[in-house]
Amino acid sequence: MDLLDIARWQFGITTVYHFLMVPLTIGLAITVAGMQTAWYRTGNERYLRMTKFWGKLMMVNFAMGVVTGIVQEFQFGMAWSQYSRFVGDVFGAPLAMEGIVAFFVESVFLGLWIFGWDRLSKRAHLACAWAFSLATVASAFFILAANSWMQHPVGVELVDGRPRLTSIWAVLTNSTLLAAFPHTIFGCFAVSGTFVLGIAAWKVWKRDRAGVPHDEDRRVWHTSMRAGAWIALVAFVGLAVSGDIQGKLMFSQQPMKMASAEALCHTEQPASFSVFAYGDVSRPNCENVKSLTVPYLLSYLAHGDFDTEVKGVQQLQREYERQYGTHYPDDPRLGELAGKPIDYQPNLPVTYWGFRFMIGFGAVSALAAVAVLWFTRKGRFPTGRWWGPLALASISAPFLANVFGWVFTEMGRQPFVVVPNPNPSGVDGVWMYTAQAVSSGVEPGEMVTSLVALTSVYAVLLVVEVFLMVRYARGGFEAVMPPKDHDDSDEDGEVLSFAY
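Residues numbered from 1 in each chain as written. Predicted model: local features only at pLDDT ≥ 70, side-chain atom pairs only at ≥ 80, totals over all residues. Heavy atoms only, no water.

**Quick look at the pattern of salt bridges**
All chains considered together, the criterion is met by 11 salt bridges. Note that Glu319 is salt-bridged to Lys311, the shortest N-O span being 3.1 Å. Owing to a relative accessible area of 30%, Lys311 belongs among the partly exposed residues under this scheme. One salt-bridge network, held together by shared partners, links Glu45, Arg49 and Asp217. (Salt bridge = Lys/Arg side-chain N within 4 Å of Asp/Glu carboxyl O. Buried < 20%, exposed > 50% of the residue type's maximum accessible area, 1.4 Å probe, protein only.)

In structure tokens:
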């Protein structure tokens, strides 16, 4: 492999791993804040138990997310210095906002929340929970602002071949961002809801299978399970609505990504949606591909009607060649690609199946939520042999949906790292090939060394993460609810008696 391939593998591995932590942290933070609000308003200790247990798991995940996320910043300089030079004037503002405003607030108020159980009033402590959880959402917003600019450059002008920021407001109100942000947050809730659902359902199933009498702990698990199911189900509805909006933006802003998502090699009007394809979708003319399709649906997803023309990969390849050139610049910094023909078609098997796996695993998460809500109504719970393991296994579904969704989003814009966007709302002439973004002066052997080192460290961190999660999940409420030292008080200004 050349330097570009190694750099892409490194960034892909570390980013996907980091993003496993991010949606769970964001979703659980808001979920835990909601549980604590229920305790504050009702005084019911059931919600306190839920707050402390799920809050403990959230803290473990947050710590791992911070450790793995730090590497992302350094990679811009290590492996992608040319990219950093190109987008630095634009990325500086949203990344500074994320680091100084969002992450700083997260850290401060999470610390106050962790150590303030027996030192702050209930109201002040609850405010810390919400400040921390909303800061995680703000952090996601600023990161997505930077990523959305790569998908749809706005608010800049070209100066000496580089984009110069002219309007931070345009960057923060980018149409791509306004669609991607709610979609990402709903994805976070899908992860956290299914996570809560799966662990709680497993605990109830084990207790019932063992014949443990119903007690307060079981009622708390049951409440957690149904709360997680409702969160996951509502999140899936939100994902469907926001995903439809994203699809229509993708049709106008990145038509090649839309065609690649369907392995649509030839232009169709009206266009059918491919549910499942068999054959070699990687071949450019798709002569051996057979698909199970829904007539007219792709036209509707693209433009909201049933007669819109959707351009195929082959036609778009010719259009892109006329607009952006047929060959890479003859620049030695591009390595093996210097002067070579440009293939504007992304990896069709990855984009086609990534899009379907994203939808499929999201649907599995929604199905698990519906099943739990139906079979646990009126306090019931099934004790079948496979119920508990299936509920626990469902936790993986939204994680996989998020991963495949991001792989599709990022690989679907290749060969660009900054996508050209001559639309009226975009800036014509601002784009960058991925091959131009990689650092110059770095040897492939050096990049391989860092790839192996980071992957190994991340593998160790994964073991640590799973070990801690399993340990605290098995410990249940007893592990996070120490004995009372003195009487509780619900009055503001009085300290809380439960130490974390």
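Now that the structure has been shown, the text picks up again.
**Comments concerning the nonpolar core**
Generally speaking, soluble globular proteins have nonpolar side chains that are buried together. Counting residues in hydrophobic clusters, the biggest one holds 54 residues, and the most contacted among them are Trp80, Tyr83, Phe91, Trp149, Val310, Tyr344 and Val418. Ranked by residues supplied to this core, first place goes to helix H3 (residues 81-115) with five residues. Once residues lying within four places of it in the same chain are set aside, the contact partners of Val310 are Phe251, Met258, Leu264, Thr267, Glu268, Ala271, Leu298, Ser299 and Ala302. Ranked by size, the runner-up nonpolar core spans 47 residues in total, among them Cys128, Val191, Ala473 and Phe477. (Core = buried A, V, L, I, M, F, W, Y, C linked by side-chain atoms within 4.5 Å. Helix = DSSP H or I, 4+ residues; strand = E, 2+ residues; numbered from the N terminus. Contact = heavy atoms within 4.5 Å.)

**Topic: the layout of surface pockets**
Of the voids in this model, the second largest pocket is the one considered here, and its volume is about 1,000 Å³. Lining the second largest pocket are 41 residues, and of these His183, Gly243, Gln246, Phe355 and Met358 lie nearest its centre. Broken down by secondary-structure element, the contributors of at least two residues to the lining of the second largest pocket are helix H4 (122-151), helix H6 (175-209), helix H7 (216-253), helix H8 (255-261), helix H9 (297-303), helix H11 (348-375) and helix H13 (396-411). For the lining of the second largest pocket, the element with the most residues is H7, which contributes 10 residues. A class-by-class count of the residues in the lining of the second largest pocket yields 21 nonpolar, 17 polar and three charged. (1 Å grid on protein atoms, 1.4 Å probe; cavity = no way out; pocket = protein on both sides within 12 Å on 5 of 7 lines; lining within 4 Å. Points joined across faces, edges and corners; volume = space filled by probe spheres on them. Nonpolar A, V, L, I, M, F, W, Y, C, P; charged D, E, K, R; others polar.)

**As for the environment of Gln82**
Relative to the elements of secondary structure, Gln82 occurs in helix H3. Overall, Gln82 belongs to the buried group, its relative accessible area being 15%. In this structure, the C-alpha to C-alpha distance between Gln82 and Asp330, residues 248 residues apart in sequence, is 16 Å. Discounting residues that sit within four places of it in the chain, Gln82 has contacts with Arg333, Met432, Gln436, Ala437, Val438 and Ser440. In this structure the side chain of Gln82 is engaged in a polar contact, spanning 3.2 Å, whose partner is the side chain of Ser440. (Polar contact = N/O pair within 3.5 Å; in protein donor to acceptor, adjacent residues only side chain to side chain.)

**Description of the packing of aromatic side chains**
With the rule as written, the count across this model stands at 31 aromatic pairs. Each ring, one from Phe375 and one from Trp387, has its centre 5.6 Å from the other, and the planes form 75 degrees; the classification is edge-to-face. Of this pair, Phe375 sits in helix H11 while Trp387 sits in helix H12 (residues 387-393), and the two are 12 residues apart along the sequence. Given a relative accessible area of 16%, Trp387 falls into the buried group. Here the aromatic cluster, defined as three or more aromatic residues joined through ring pairs, consists of Tyr320, Tyr324, Tyr328, Tyr344, Phe416, Trp431 and Tyr433. Seen from the ring of Tyr352, Arg356 lies directly overhead, with NZ or CZ sitting 3.8 Å from the centre. (Phe/Tyr/Trp six-rings, centres within 6.5 Å; stacked < 30°, edge-to-face > 60°. Lys NZ or Arg CZ within 6 Å of the ring centre and 35° of its normal.)

**Focus: a nonpolar patch on the surface**
A cluster of nonpolar side chains, Val275, Phe276, Tyr278, Leu292 and Val294, forms an exposed patch at the surface whose accessible area comes to about 470 Å². Breaking the nonpolar patch down by element, the ones donating at least two residues are strand E3 (273-278) and strand E4 (290-294). With three residues, the top contributor of residues to the nonpolar patch is E3. In this fold, Val294 is placed in strand E4. (Patch = residues over 30% accessible without salt bridge, like charges linked within 9 Å, V, L, I, M, F, W, Y side chains within 5 Å. Areas by Shrake-Rupley, 256 points an atom, 1.4 Å probe, with all protein chains shown as cover.)

Bear in mind that shape data such as this cannot, by itself, settle questions of function.
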